[in-house]
Amino acid sequence: MQNNENKRVYVIGQTEIAARPLTPALYLVATPIGNLGDITLRALETLAGADHVACEDTRVTRVLLDRYGIRQRPTAYHEHNAGEAGPRLIEALENGRSVALVSDAGTPLVSDPGFRLVGQAQERGIRVVPIPGASAVLAALTASGLPSDAFFFAGFLPVKDGQKRTRLEEVRAVPGTLIFFESPRRLADTLVAMAEVLGARQAAIGRELTKAFEEIRTGTLAELAAHYAAADTPKGEIVICVAPPEERTETADDVDKLLLSLASEMPASKAAAEAARMTGQQKPALYRRLLELREGSSD
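Position numbers for residues count from 1 along each chain, tracking the sequence in the order it is written. Given that this is a predicted model, residues contribute local features only at a pLDDT of at least 70 and side-chain atom pairs are listed and counted only at 80 or more, while totals for whole chains, interfaces and linings are drawn from all residues. Hydrogens and water are ignored here; the side-chain numbers use all heavy atoms of the structure.

K.L.:
Tell me what's going on with the layout of surface pockets, and back it up with residues and numbers.
P.N.:
Approximately 810 Å³ is the volume found for the largest pocket. Helical segments are the DSSP runs of H or I of at least four residues, strand segments are the runs of E of at least two, and each set is numbered from the N terminus. Secondary-structure elements contributing two or more residues to the lining of the largest pocket are α2 (58-67), α5 (136-144), β9 (177-182) and β12 (238-242). Per-element accounting of the lining of the largest pocket gives the leading share, four residues, to α2. Polar here means any residue outside two lists: the nonpolar Ala, Val, Leu, Ile, Met, Phe, Trp, Tyr, Cys and Pro, and the charged Asp, Glu, Lys and Arg; Gly therefore counts as polar. Residues belonging to the lining of the largest pocket are distributed by class as follows: 16 nonpolar, eleven polar and seven charged. Put simply, the grid is 1 Å and covers the protein atoms alone, a cavity is a trapped set of points that fit a 1.4 Å probe, a pocket is an open set with protein on both sides within 12 Å along at least five of seven lines, and lining residues have an atom within 4 Å of a point. Grid points are joined across faces, edges and corners, and a volume is the space filled by probe spheres set on the points.

K.L.:
Could you give an account of unusual backbone geometry, with specific residues and numbers?
P.N.:
Residues other than glycine seldom take positive phi values, yet Glu208 does so here, at roughly 55 degrees. Tracing the backbone through its elements, the reader meets Glu208 in the loop between β10 (202-207) and β11 (215-220). Of note, the phi angle at Thr210 is positive, near 70 degrees, even though the residue is not glycine. One can find Thr210 in the loop between β10 and β11. Relative accessibility decides the category of a residue: with a 1.4 Å probe and only protein chains considered, values under 20% of the type maximum give buried, values over 50% give exposed, and everything between is partly exposed. Given the relative accessible area of 23%, Thr210 is considered partly exposed.

K.L.:
I'd like a description of the environment of Met194, backed by residues and values.
P.N.:
By secondary structure assignment, the location of Met194 is in helix α7 (residues 187-198). With relative accessibility at 0%, the residue Met194 sits in the buried group. A C-alpha to C-alpha distance of 8.8 Å links Met194 and Ala225, two positions 31 residues apart in sequence. Residue contacts are defined here by distance: any two heavy atoms, one from each residue, within 4.5 Å place the two residues in contact. Residues within four places of Met194 in sequence aside, it is in contact with Leu157, Leu168, Phe180, Gly199, Leu221, Ile240 and Val242.

K.L.:
So, the pairing of strand β7 (residues 128-131): which residues are in play, and what are the values?
P.N.:
Here β7 shows a buried face lined by Val129 and Ile131 and an unburied face lined by Val128 and Pro130. Two elements, strand β3 (residues 26-29) and β7, share four bridges in a ladder whose sense is parallel. Looking across to β7, one finds that Leu28 is bridged to Pro130. At least two bridges found by DSSP between two strands is the condition for calling them paired.

Right, dumping it as C-alpha cells:
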C-alpha cells in the first residue's frame, strides 16, 4: 500500500486526482501572481507528479501546494543558494528524476535566477519543458490599454537615480510599450525620472494584480508621478507600463537645424544628448553629425 505522504495527487474541490508519471525533465511551472485560482490543471499535475519541487521561498510555495492537496516537500532554489542548490538539481535530473521549478509568483525565469539552471540543463542535454500560466507582465500589459503588438520588458530599474536615468535613456527609443517592475517605496521617484527622461507619454500602473485590492491607474507619466507623490506609499507588487515613443517625422534638415540651435546654447555633447532625447535618434550619430556641420560651416 502506498504511503499517504508519498501519494502523487492533487485535489480540486472535493475530488482527489492522481497525477500521471512524469518523464525526466526540468519543468518550468508558472504559478499564480496573487489569486490562487489562477493555476492550470497541467501545472497542478506537474507539481504533484514531480520527483522534486524547487522554489524561491518554501513557505510561499507551501501555501499553494496545501491549497490543492499536493503532498510535496519543496526545496529552496534562489539567488543566494543557486551555486549550491543548482548542482544538486542537475544531478537529480541526470539520474533520471523530474524537477519542477517555480517562482514565488508568475512564470519562472522572469526576474529570477532560474535561467542559470535552464542553461546548465541544456548544456547537459536535459529536456526543459515550459508549463505556461500566469504572468504579471502580460496581465499588466493587457489591462493597460497601451499598444501590445510590441513590448519590451525591462525588469527592475537601478536604485540610484543617475543609473536609473541612464537606463531609461537606453530604452527610451524602443519602438514598443515598456514594462518595468518597481518597489512601492520607489514608485513616485521612478515616475518622476520617467516623466523627465521619457517625456509626456501615457502610462499605466498595475498594483496587486489579481488580488482583492487590485488597481489599474492610467494617465501621463507626470500625472501618475504627481498622484503617487501626494498619496501614501502604495502596498503590493507594482508593474509600470509606458507607451511607445511617438513616431517622429523630422527630416534630416530639421534635425540639423535642431542640432545647431542646441549647440549654440550648450556644449556639443550635451546638445547631441538633448537632440537624442527630443528625436529618439542615437546620441553618438547625432554628435558625429554635429561635428560634420561645424566643420562644414568653417570651410
